[in-house]
Amino acid sequence: MSAWKNRNTWRWRIMVGGRIATGSARTREAALAAESAARRALIAEPGSLPERRTLDQAVVRYLESPEYLGLKSAASLADKLGTWADYIAGQPIDRAADVADQAVRDWMAKGLAVATINRRLAGLRRILSLAYRRWQWIGQDLAARIPLLPGENQRQVWLTRAEAVRLRRACPPGRTRAAVTLLVTTGLRVGELLKLRAEQIRDGAIHLDARTKTGRPRAVPILPPGNRYTGHVPLRMSYDGLRTAFDHAK
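These numbers were taken from a predicted model, which means no experiment stands behind them. (Residues numbered from 1 in each chain as written. Predicted model: local features only at pLDDT ≥ 70, side-chain atom pairs only at ≥ 80, totals over all residues. Heavy atoms only, no water.)

Re helix α2 (residues 55–63)
Reasoning step 1: Among all positions in α2, only L55, A58, V59 and Y62 are buried. One face of α2 carries all of its buried residues, which in axial projection span an arc of 100°. (Buried < 20%, exposed > 50% of the residue type's maximum accessible area, 1.4 Å probe, protein only. Helix = DSSP H or I, 4+ residues; strand = E, 2+ residues; numbered from the N terminus. Arc of directions from axis to C-beta.)

Overview of the layout of surface pockets
Reasoning step 1: Taken as a whole, the largest pocket spans an internal volume of roughly 1,400 Å³.
Reasoning step 2: Lining the largest pocket are 36 residues, with V157, L159, L183, V184 and F246 positioned closest to its centre.
Reasoning step 3: Elements represented by at least two residues in the lining of the largest pocket include exactly α8 (161–170), α9 (175–186) and α11 (239–249).
Reasoning step 4: In terms of residue count, α8 provides more of the lining of the largest pocket than any other element does, seven residues in total.
Reasoning step 5: The residue makeup of the lining of the largest pocket, split by class, is 18 nonpolar, seven polar and 11 charged. (1 Å grid on protein atoms, 1.4 Å probe; cavity = no way out; pocket = protein on both sides within 12 Å on 5 of 7 lines; lining within 4 Å. Points joined across faces, edges and corners; volume = space filled by probe spheres on them. Nonpolar A, V, L, I, M, F, W, Y, C, P; charged D, E, K, R; others polar.)

Quick look at the pattern of salt bridges
Reasoning step 1: Per the stated rule, a full pass over the model turns up seven salt bridges.
Reasoning step 2: As a salt-bridge pair, E192 and R218 come within 3.0 Å of each other at their nearest N and O atoms. Of this pair, E192 sits in helix α10 (residues 190–194) while R218 sits in strand β6 (residues 218–221), placing them 26 residues apart in sequence.
Reasoning step 3: In this structure, D247 engages K250 in a salt bridge whose closest nitrogen and oxygen atoms are separated by 3.5 Å.
Reasoning step 4: Its relative accessible area of 37% is what places D247 among the partly exposed residues.
Reasoning step 5: When salt bridges with common partners are traced through the structure, they connect R189, E192 and R218 into a single cluster. (Salt bridge = Lys/Arg side-chain N within 4 Å of Asp/Glu carboxyl O.)

Brief notes about the nonpolar core
Generally speaking, a soluble globular protein has its nonpolar side chains buried in company with each other.
Reasoning step 1: Counting 33 residues, the largest nonpolar core has W84 and L128 as the members making the most contacts within it.
Reasoning step 2: The set of elements that each furnish at least two residues to this core consists of α2, α4 (74–82), α5 (85–88), α6 (96–109) and α7 (114–133).
Reasoning step 3: Looking at this core element by element, the count peaks at eight residues for α7.
Reasoning step 4: For L128, the residues in contact, after removing those within four places along its chain, are L55, I93, A96, I138, L142, A143 and I146.
Reasoning step 5: Judged by nonpolar contacts, the second largest core, of 21 residues, contains L182, L194, I222 and A249. (Core = buried A, V, L, I, M, F, W, Y, C linked by side-chain atoms within 4.5 Å. Contact = heavy atoms within 4.5 Å.)

A short note on the sheet that holds strand β4 (residues 201–202)
Reasoning step 1: Ordered by their spatial adjacency, three strands build an open sheet running β4-β5-β6, and the pairing between neighbours is antiparallel. Each end of this open sheet is capped by a strand with a single partner; those strands are β4 and β6.
Reasoning step 2: Note that β4 and strand β5 (residues 205–208) share two bridges and pair antiparallel. Bridged to R202 within β5 is A205. (Pairing = 2+ DSSP bridges.)

Section: α11
Reasoning step 1: Of the residues making up α11, those classed as buried are L242, A245 and A249. Viewed end-on, α11 has its buried residues packed into an arc of 65°, placing them on one side of the element. For α11, the exposed residues lying more than 90 degrees away from the buried face are D240 and H248.
Reasoning step 2: Summarising the contacts, the buried residues of α11 are in contact with α8, α9 and α10.

Some details on the packing of aromatic side chains
Reasoning step 1: Counted under the stated rule, the structure contains three aromatic pairs.
Reasoning step 2: Measuring from centroid to centroid gives 4.9 Å for W84 and W107, while their planes differ by 75°, and the two rings are edge-to-face. A residue pair is termed long-range when its members are at least 10 positions apart, and W84 in the loop between α4 and α5 and W107 in helix α6 qualify at 23 residues. There is no split in this pair, since W84 and W107 are both buried.
Reasoning step 3: Where Y87 meets W107, the ring centres are 5.7 Å apart and the plane angle is 80°; that geometry is what we call edge-to-face. Of this pair, Y87 sits in helix α5 while W107 sits in helix α6, placing them 20 residues apart in sequence.
Reasoning step 4: Overall, W107 belongs to the buried group, its relative accessible area being 3%.
Reasoning step 5: The cationic tip of R53 hangs over the ring face of W137; the distance from NZ or CZ to the ring centre is 4.2 Å.
Reasoning step 6: Lying across the ring of W107, R120 places its NZ or CZ 4.7 Å from the centre. (Phe/Tyr/Trp six-rings, centres within 6.5 Å; stacked < 30°, edge-to-face > 60°. Lys NZ or Arg CZ within 6 Å of the ring centre and 35° of its normal.)

Next up, the structure:
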């Protein structure tokens, strides 16, 4: 059972067999009692017993969903979800927090980096959020009970204006200089830049569709002096070629 405080009242919410009941009361005890009574009433109705969903069923449903299939990073995400296989097999979805706790203990004992563990947790949290908000498999947001680990090392390096100028001048003129300058002045991912087409650049911004890592369309403004290099798009460079040139420039 669950109840949470909302200003001066206590709210409750349950779902049985796909049917949802909600309510409020002045005290937590009264809210829990009302929730319990509502649950008994729903269960007493013919055919109302909910199917007992499992975590591996939830993962399979997500891997078959249009949202997942449309992600550019689908293969990478599948690898992250695959690390849960030994932990989630046959486990009821409402035990997600306990399953996550055990997995985290094992991974930390193996010396995995905090960032690696958090990426795995994020994948599971996304599925649990969908199970609650979209699929209505569960009556509460279990993702909120699985926090990410603190202490993750940040990998971002922020260039000063002078460093950005030095980096650009260290690149050979042409496509390499254009690519590095556009990366610095837009914050695009390398894959996004290398797939960029000329018609996606308009009104001082780069317009990306949903076929990106985030799965969402967005417009990215181009800061000076990036506008001077948009004429090089499409770049017609490979990832390895750009990475080698960038390493030399660094």
